[in-house]
Amino acid sequence: MAKVLKFKDVNSDVEHRMKEFEKIRVKFKADVKKAEAKKATAGKEGKGLLKSISEFFSDSPKTPAQPNSKK
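Keep in mind the model is a prediction, meaning the values are calculated, not measured. Per chain, the residues get numbers from 1 upward, laid out in the order the sequence is written. This being a predicted model, a pLDDT of at least 70 is required before a residue's local features are given, and a value of 80 or more before pairs of side-chain atoms are given or counted; all residues contribute to the totals for chains, interfaces and linings. Calculated side-chain values reflect all of the structure's heavy atoms, with hydrogen atoms and water omitted.

J.: Describe the overall build of the protein, with residues and values.
T.: Put simply, DSSP H or I for four residues or longer makes a helix, DSSP E for two residues or longer makes a strand, and each gets a number counted from the N terminus. What the protein contains, in helices and strands, is two helices and zero strands. When the accessible area of the protein is evaluated, it comes to approximately 7900 Å², of which 61% is carbon and sulfur surface. Per-residue and other accessible areas were derived by the Shrake-Rupley procedure at a 1.4 Å probe size, with only the shown protein chains allowed to occlude residues.

J.: Tell me about the pattern of salt bridges, and name the residues and values.
T.: We define a salt bridge as a side-chain nitrogen of Lys or Arg found within 4 Å of a carboxyl oxygen belonging to Asp or Glu. What the rule picks out here adds up to two salt bridges. The shortest N-O distance in the salt bridge between Asp13 and Arg17 comes to 3.2 Å. Of this pair, Asp13 and Arg17 are both found in helix α1 (residues 7–42), four residues apart, which corresponds to roughly one turn of the helix. Arg25 serves as the salt-bridge partner of Glu22, at 2.6 Å between the closest nitrogen and oxygen.

J.: Can you tell me about a nonpolar patch on the surface, naming the residues and giving the values?
T.: A residue counts toward a patch only above 30% relative accessible area and without a salt bridge, and it is joined to like-charged neighbours within 9 Å or, for Val, Leu, Ile, Met, Phe, Trp and Tyr, to nonpolar neighbours within 5 Å. Together, Leu49, Ile53, Phe56 and Phe57 give the surface a local cluster of nonpolar side chains, amounting to about 510 Å² of exposed area. The residue Leu49 is located in helix α2 (residues 49–58) in this model. Buried, partly exposed and exposed residues are distinguished by accessible area as a fraction of the type maximum, computed with a 1.4 Å probe on protein chains only: under 20%, between the cut-offs, and over 50%, respectively. Owing to a relative accessible area of 63%, Leu49 belongs among the exposed residues under this scheme.

Laid out in structure tokens, this is it:
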């Protein structure tokens, strides 16, 4: 037998689901804003391991090399 639902029951269920959806939507928007704020405060993105290593070996030394002087 098919269960017959009254209009009032169906309406209250729809309202309940809409409220749940609104809560989820608000939470999701807050999570997105937090993620955007985190990216903005993080500054520049990481270079990656290989790029960091290659830059380390390709950069010239910061201090000038001292000549070997024997007296």
